[in-house]
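Overview (structure and organization)
One-letter residues, chain by chain:
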Amino acid sequence: WTDGTAAQAEGSMSELAALAETAGSEVLDALVQRRDKPDAATYIGSGKANELREVIVANGADTVICDGELTPGQLTALEKVVKVKVIDRTALILDIFAQHATSREGKAQVALAQMEYMLPRLRGWGESMSRQAGGRAGSNGGVGLRGPGETKIETDRRRIRERMAKLRREIKDMKKARDTKRARRVDNRVPSVAIVGYTNAGKSSLLNSLTDAGVLVQDALFATLDPTTRRAQLEDGREYVLTDTVGFVRHLPTQLVEAFRSTLEEVTGADLLLHVVDGADPLPEEQIKAVREVVTDVLRETDTPAPQELLVVNKIDAADALTLTQLRGLLPGALFVSAHTGEGIDVLRARLGEILGRLDIEVSVLLP
Ligand code: GDP
């Protein structure tokens, strides 16, 4: 469903398809329903839902992914008509985050976000489970697990809330450990560079070009979820640390905003922000703006002065000449590179040396 223009709908749908493929699905077909607002009952309306059912029968799909966030009632009602599993954009993105998180902190944050998403959607599930068990909610099962007078659904909710509280405590502790590590880096005066940028701009690839880290590079949204910190060397042999932060994406589920921000806090200890821009994108200004807004927010919240920013336009091998000329005019201070061909990487190294050299850092102590 969309209330936007055809172009907006198409952009959002092709990103949704890319997300679905990232999650391991094969995309068979796409349907757009244009309305002023979503249908209260089935999200897309019963006529469109029946049409969707026919498409499903024709191509043998086993899942419907809706580009938005559906209420629990809409999900159930739509499933009844289309007779296959229905998920929404939020659930899909949460699923991808869950698949890709590798650090303990990343995993804990995704689990917390998933529970937050699940909690209000528990009712239908809990009630039908109780019905299946053959009685009124609260009259069977779970003996000894329930608090006095609690129904099954209440017990489930309470357990999830307890688990969420525990996760929040764990995340807080892990954050403290990360802060300490960062503070030690500052004490040791190891210069640090944080790479920021939109998802798929080529942050991991640049990190690889500047170090020999062998970080996972994927042509998929969300390949980078956990901050990766690596050591690298300046031309004069001095060491610095380079951190790859999470990428940005449109319509980030609200449940994940917190997780996103906390991984972005890596920028607060940085001496320099290396802002990577996808030169192959025809309109990168929006992305640049979005990235800067979030970074500024995080810095303001943590009361840290903004580090210097170095804009790096990547993928110049894939960008057309006209776009590049326009970008050069638009972003006079930016460097133009290709992580793939290596073009411009030497100039980038030299510039990093210059900027970090001005920081008056005499020692080059390595991280433990
Ligand atoms: P990240 O999400 O910002 O970390 O981006 P990645 O480093 O994972 O790269 C995203 C995609 O862009 C991958 O398919 C890369 O192979 C591709 N890519 C990265 N750098 C370049 C480049 O300089 N030129 C071209 N043509 N593709 C690139």
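For the structure itself, look to the data block above.
Remember, it's a predicted structure, so these values are computed and weren't measured experimentally. Counting from 1, residues in each chain are numbered in the order their sequence is written. Owing to the predicted nature of the model, reporting of local features is limited to residues with pLDDT of at least 70; listing and counting of side-chain atom pairs is limited to 80 or more, with chain, interface and lining totals taken over all residues. Just so you know, side-chain values use all the structure's heavy atoms and leave hydrogens and water out.

What follows concerns the sheet that holds strand 5 (residues 239-244). Taken in spatial order, the six strands make up an open sheet running 4-5-3-6-7-8, and their pairing is mixed. In the strand order of this sheet, the two ends are held by strand 4 (228-233) and strand 8 (335-336), each with one partner. Relative to strand 5, strand 3 (residues 192-197) runs parallel, the two sharing four bridges. From the neighbouring strand, Ser-192 faces strand 5, where its bridge partner is Val-241. Taken strand by strand, helix 10 (residues 284-301) contacts strand 3, strand 6 (272-278) and strand 7 (308-314), and its axis lies near 150° from that of strand 6. Pairing between strands is defined by DSSP: at least two bridges between them are needed. Secondary structure elements are taken from DSSP: a helix is a run of H or I of four residues or more, a strand is a run of E of two residues or more, and numbering for both begins at the N terminus. When checking whether two residues touch, look at their non-hydrogen atoms; a contact exists if any pair is within 4.5 Å. Between N-to-C directions, angles span 0 to 180 degrees; the directions come from axes that are lines fitted to C-alpha atoms, helices contributing only their stretch in contact.

When the centres of two rings from Phe, Tyr and Trp lie within 6.5 Å, Trp using its six-membered ring, the rings pair. Their planes under 30 degrees apart give stacked, over 60 give edge-to-face, and anything left gives tilted. What the rule picks out here adds up to zero aromatic pairs. Note on geometry: a ring has a charge over it if NZ (lysine) or CZ (arginine) is within 6 Å of the ring centre and within 35 degrees of the ring normal. Here the guanidinium or amino end of Arg-328 rests over the ring plane of Phe-336, the centre of that ring lying 4.2 Å away.

Another point: the pairing of strand 3. Under the scheme applied here, a residue whose accessible area is under 20% of the maximum for its type counts as buried, over 50% as exposed, and between as partly exposed, the area being computed with a 1.4 Å probe on protein chains only. Taken across its six residues, strand 3 has six buried, putting it largely inside the fold. Burial along strand 3 is two-sided: the residues Ser-192, Ala-194 and Val-196 and Val-193, Ile-195 and Gly-197 are all buried.

Interaxial distance between helix 8 (residues 203-210) and helix 12 (residues 345-357) falls to 11 Å at its minimum, and their mutual angle equals 75°. As far as their axial angle goes, helix 12 and helix 8 are roughly perpendicular. For the pair helix 8 and helix 12, the contacting residues are Leu-206, Ser-209 and Leu-210 in the first and Ile-345, Leu-348, Arg-349 and Leu-352 in the second. In what follows, roughly perpendicular refers to angles from 65 to 115 degrees, roughly parallel to angles under 35, roughly antiparallel to angles over 145, and oblique to any angle outside these ranges.

A separate point is the nonpolar core. Only buried Ala, Val, Leu, Ile, Met, Phe, Trp, Tyr and Cys residues count toward a nonpolar core, and they belong to the same one when joined by side-chain atoms within 4.5 Å. If you look at the biggest cluster of nonpolar residues, it comprises 23 residues, and the most contacted ones within it are Leu-206, Tyr-240, Leu-274, Leu-348 and Leu-352. When contributions to this core are tallied by element, the ones reaching two or more residues are strand 3, helix 8, strand 5, strand 6, strand 7 and helix 12. Ranked by residue count, the leading element in this core is helix 12, at five residues. Sequence-distant contacts of Leu-348, that is, excluding residues within four places in its chain, are made with Leu-206, Leu-210, Leu-274, Leu-310, Val-312, Leu-335 and Val-337.

In this section: the pattern of salt bridges. Throughout this description, the term salt bridge denotes a Lys or Arg side-chain nitrogen within 4 Å of a carboxyl oxygen of Asp or Glu. For the structure shown, the criterion picks out 11 salt bridges. Note that Arg-238 is salt-bridged to Asp-236, the shortest N-O span being 3.1 Å. Residue class for Asp-236 comes out exposed when judged on its relative accessible area of 54%.

Another point: unusual backbone geometry. At Tyr-43, a residue that is not glycine, the phi angle is positive and equals roughly 70°. We classify Tyr-43 as buried; its relative accessible area is 3%. In this model, Lys-315 sits at a positive phi of 65°, which is unusual for a non-glycine residue. What makes Lys-315 partly exposed here is its relative accessible area of 24%.

What follows concerns the side chain of Asp-39. Of note, Asp-39 is situated in the loop between helix 1 (6-22) and helix 2 (46-59). Overall, the relative accessible area of 18% leaves Asp-39 in the buried class. Discounting residues that sit within four places of it in the chain, Asp-39 has contacts with Ile-44, Gly-45 and Gln-74.

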